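Summary of the model geometry
Now for the letters of each chain:
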Amino acid sequence: MPENTAHRAMAAAVARMPDPTSYQEATLLETELAQAFGARRAVAVSSGTAAITTALAACGIGAGDEVLLPAVTVVMTVAAVAASGARPVFVDADTDGLGMDLGDVAAKTGPNTKAVVAVHLAGRTDGIHNLAAYTRTAGLRLVEDACQAQGTTTRGRSAGTIGDIGCFSLKDGKIISCGEGGYLLTDDDVLADRAAAFRTHWQIDAPDAPAGSRLGFNHRLAEPLAALARHHLARFPEALALRRQQAAALHRAVDNTPGLEPIAAAEEEQPNGYGALWRLTLPRPRAFSIRLAEAGVPNSVGTHRLTAAHRHPAGARFATCDLARAEATVDALLAIPFTEHDSEQAIQQRALTIRQEAAAWTG
């Protein structure tokens, strides 16, 4: 976005400052987000991680509780669960994609289990409908970490609106962004009111918890950032279309490369194009992803060192069993993200590098 356009988007919010009580831009953003994604309520917060923390607080999750989440996830999700006071319980991957093994979910549901966090890694919602059916039957809250899934739809519904509450990021690089920020989507007014109270030190009333009766945090979204997010939301359809075009272009350019198997989306799903995805069948796939990063092709494993959560140094203390499928899934995952600045020429250069490196790879 041109600098002058960004300045105009934020000018009104900045002109009203200092005003410690103003939440005009954030309130407008919440209304527009709810309308855009077909949710009853939206609650703006300061980051995607804060969105997950706030969602768990709204669901009443705390010390002594257990929260199930996939081992195929980023460490930020684990951090949010741990910050709530609950114990993260890692679930193995399913056999077909990036979803959670429903049998393992059931096996690990115990008397202290209060919620499940589904993570829509790289914009994919694998297994979310079956998981939602299970959590309803089991009486568990379902929180969706949809931070990478803005614009993904499944069975005609937006990612983040299938469970009880969905969590999103507005970090720079997301399809809707404002540098740093996040938001929640829910159809449950009670959860929305609790989230709004928690994000502002519980200084406003919520159902069964009047102002000042609980402790919360400052997870509010700054007004200038809310104004910038509103600007990006207004052009979201075009930005979403571009991401999908970019992902499709890279897939076409790398098609039939030995050692790379495209990870297709389910027929019921329309991914947002957050990343182009392959399953690597090359020897030492993690090393290959690192090699691609060194050669100028950013990817989740090679650039950001994505690892199965139970193998992450900060997540290992929560591991209670081997999660072989999750580890293998992450190690073999080639996920290449995009930004609006990635030109067709840049995408074709990445494709050439991938093909050349794959052909030369001996492991």
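None of these values were measured; they are calculated from a predicted model.

1. Some details on the layout of surface pockets
- When its volume is computed, the largest pocket comes out at roughly 890 Å³.
- Around the largest pocket, the lining comprises 41 residues; the ones closest to its centre are Val 74, Met 76, Gln 148, Lys 174 and Tyr 274.
- Put simply, the parts of the chain that give the lining of the largest pocket at least two residues each are α3 (48-58), α4 (75-83), β12 (275-280) and β13 (333-337).
- Split into classes, the residues belonging to the lining of the largest pocket amount to 17 nonpolar, 15 polar and nine charged.
- Taken as a whole, the second largest pocket spans an internal volume of roughly 410 Å³.
- Taken together, 18 residues make up the lining of the second largest pocket; nearest its centre are Pro 20, Ser 22, Tyr 23, Arg 220 and Glu 223.
- A breakdown of the residues in the lining of the second largest pocket according to their chemical character gives nine nonpolar, four polar and five charged.

2. Quick notes on the side chain of Thr 161
- Checked against the element boundaries, Thr 161 lands in the loop between β7 (157-158) and β8 (165-169).
- Take Thr 161: its relative accessible area is 10%, and that puts it in the buried class.
- Reaching out from Thr 161, the side chain makes a polar contact with the backbone oxygen of Ser 158 at a distance of 2.6 Å.
- Those residues in contact with Thr 161 that lie beyond four places of it in its chain are Phe 37, Ala 39, Glu 144 and Leu 185.

3. Focus on the state of the cysteines
- In the structure shown here, the tally under the stated rule is zero disulfides.
- The thiol of Cys 59 is not disulfide-bonded; the next cysteine sulfur, from Cys 167, is found 8.5 Å away.
- Cysteine Cys 147 is unpaired, with the sulfur of Cys 167 as its nearest cysteine sulfur at 6.6 Å.
- For Cys 147, a relative accessible area of 11% corresponds to the buried category.

4. Comments concerning the packing of aromatic side chains
- Per the counting criterion, the structure on display carries six aromatic pairs.
- Measuring from ring centre to ring centre gives 6.2 Å for Phe 37 and Phe 168, while their planes differ by 20°; the resulting arrangement is stacked. One end of the pair, Phe 37, is in helix α2 (residues 24-37); the other, Phe 168, is in strand β8, and 131 residues separate them in sequence. The same class applies to Phe 37 as to Phe 168, namely buried.
- Between the aromatic rings of Phe 37 and Tyr 183, the centroid separation amounts to 6.4 Å while the plane-to-plane angle is 20°, which identifies the pairing as stacked. Taken together, the positions of Phe 37 in helix α2 and Tyr 183 in strand β9 (residues 182-186) put the pair 146 residues apart, joining distant regions of the chain. Like Phe 37, the residue Tyr 183 is buried in the burial classification.

5. With respect to the sheet that holds strand β6 (residues 153-154)
- The strand order across the open sheet built from three strands is β7-β6-β11, with neighbouring strands paired in antiparallel fashion. Only two strands of the sheet have a single neighbouring strand rather than two, namely β7 and β11 (269-270).
- Sheet topology note: the β6/β7 ladder contains two bridges and is antiparallel. Its bridge partner being in β7, Thr 153 is matched across the sheet by Ser 158.

6. Some remarks on the pattern of salt bridges
- Inspection of every chain in the model, using the stated rule, returns 21 salt bridges.
- Here Arg 40 makes a salt bridge to Asp 189, at a shortest N to O gap of 2.9 Å. With Arg 40 in the loop between α2 and β1 (41-45) and Asp 189 in helix α7 (residues 189-198), this pair connects stretches of sequence that are 149 residues apart.
- Overall, Asp 189 belongs to the partly exposed group, its relative accessible area being 28%.
- Put simply, Asp 193 and Arg 41 hold a salt bridge, and the shortest N to O gap is 2.9 Å.

Rules of the game
- Residues numbered from 1 in each chain as written.
- Predicted model: local features only at pLDDT ≥ 70, side-chain atom pairs only at ≥ 80, totals over all residues.
- Heavy atoms only, no water.
- 1 Å grid on protein atoms, 1.4 Å probe; cavity = no way out; pocket = protein on both sides within 12 Å on 5 of 7 lines; lining within 4 Å.
- Points joined across faces, edges and corners; volume = space filled by probe spheres on them.
- Helix = DSSP H or I, 4+ residues; strand = E, 2+ residues; numbered from the N terminus.
- Nonpolar A, V, L, I, M, F, W, Y, C, P; charged D, E, K, R; others polar.
- Buried < 20%, exposed > 50% of the residue type's maximum accessible area, 1.4 Å probe, protein only.
- Polar contact = N/O pair within 3.5 Å; in protein donor to acceptor, adjacent residues only side chain to side chain.
- Contact = heavy atoms within 4.5 Å.
- Disulfide = S-S within 2.5 Å.
- Phe/Tyr/Trp six-rings, centres within 6.5 Å; stacked < 30°, edge-to-face > 60°.
- Pairing = 2+ DSSP bridges.
- Salt bridge = Lys/Arg side-chain N within 4 Å of Asp/Glu carboxyl O.

All we've got here are geometric facts, nothing functional implied.
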